[in-house]
Amino acid sequence: VDASGFLDFDEIWADLEQKTGTMISRDAAMEIFRSIDLNGDGKVSMAEFKVAMGVAPTQADVADELHEAAEIDFDIIDKDGSGFIEFDELWEDLENRMGGRVTQDLARSMFNELDANGDGK
């Protein structure tokens, strides 16, 4: 409805009421929404919607989901909002996610592999 490319709870709830022609409680609508929102991010993607409708998602749907997840992770790691990930940001994120199980040498190796142009970000 809002052209975001995703369906949120209110859109799903309104559609359920429109399609069934009955008033649906918020709790019942939320239960349905949670069953459709497979990754629990509070919005329903096209791939999630297709799964709920019994249609297998296409490879493009899966690629879109992965791309969105990568963008979200990038923004989380890029603490200073520069649009780049510096080594210190990657190291801090790995420390937080992995609970200290990643050595700084391994993190540096990962960073260097990802830093395709060698500019340090």
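Numbering of residues starts from 1 in each chain and follows the order in which that chain's sequence is written. Owing to the predicted nature of the model, reporting of local features is limited to residues with pLDDT of at least 70; listing and counting of side-chain atom pairs is limited to 80 or more, with chain, interface and lining totals taken over all residues. In computing side-chain properties, one takes all heavy atoms of the structure into account and sets aside hydrogens as well as water.

Visitor: Would you mind going over the overall build of the protein chain in detail, with residue names and values included?
Guide: Along the backbone of the protein chain there are six helices and zero strands. By the criteria applied, helices consist of DSSP H or I runs no shorter than four residues and strands consist of E runs no shorter than two, each listed in order from the N terminus. The order of α-helices and β-strands along the protein chain, N terminus first, is α-α-α-α-α-α. Values of the radius of gyration come from C-alpha atoms, whereas the globule rule sets the reference at 2.2 Å times the count of residues to the power 0.38. Against the 2.2 N^0.38 benchmark of 14 Å for 121 residues, the protein chain shows a C-alpha radius of gyration of 20 Å, more extended than a compact globule. Taken over the C-alpha atoms alone, the protein chain extends approximately 60 × 30 × 25 Å along its principal axes. Only protein chains enter the area calculation, which uses a 1.4 Å probe; residues under 20% of their type maximum are buried, those over 50% are exposed, and those in between are partly exposed. When burial is assessed residue by residue, the protein chain has 24% of its 121 residues classed as buried. In these tables, accessible area is a Shrake-Rupley quantity obtained with a 1.4 Å probe, and a residue counts as shielded only by the protein chains included in the view. Summing over all exposed atoms, the protein chain offers an accessible surface of approximately 8,400 Å²; the carbon and sulfur share of this is 56%.

Visitor: Any details on the environment of V102? Residues and values, ideally.
Guide: Within the fold, V102 resides in the loop between α5 (87-98) and α6 (104-114). Considered as a pair, V102 and W91 are eleven residues apart in the sequence and their alpha carbons are 8.8 Å apart. By definition, residues are in contact when any of their heavy atoms lie within 4.5 Å. If we skip the residues at most four places from it in the chain, V102 touches W91, L94, E95 and A107.

Visitor: So, the packing of aromatic side chains: which residues are in play, and what are the values?
Guide: Pairing of aromatic side chains here covers Phe, Tyr and the six-membered ring of Trp, requires ring centres within 6.5 Å, and sorts the geometry by plane angle: under 30 degrees stacked, over 60 edge-to-face, intermediate tilted. One pass over the structure, following the stated rule, counts four aromatic pairs. Centre to centre, the rings of F9 and F33 are 5.8 Å apart; their planes meet at 85°, and the pair counts as edge-to-face. Taken together, the residues span a long stretch of sequence, with F9 in helix α1 (residues 9-20) and F33 in helix α2 (residues 26-36) at a distance of 24 residues. Look at F87 and F111: their rings are 5.9 Å apart centre to centre, the planes differ by 80°, and that puts the pair in the edge-to-face class. With F87 in helix α5 and F111 in helix α6, the pair connects residues that are 24 residues apart, well separated along the chain. Chaining the aromatic ring pairs together yields one cluster made of F9, W13 and F33. By the criterion adopted, a ring carries a charge over it if an Arg CZ or a Lys NZ lies within 6 Å of its centre and within 35 degrees of its normal. Across the ring face of F6, the terminal group of K43 is positioned such that the distance to the ring centre comes to 4.4 Å. Between K121 and the ring centre of F84, over which it is positioned, the NZ or CZ distance is 4.7 Å.

Visitor: Could you give me a rundown of the side chain of D37, with the residues and numbers involved?
Guide: Tracing the chain through its elements places D37 in the loop between α2 and α3 (46-52). The contact partners of D37, leaving out residues within four places of it in the chain, are G42, K43, V44 and E48.

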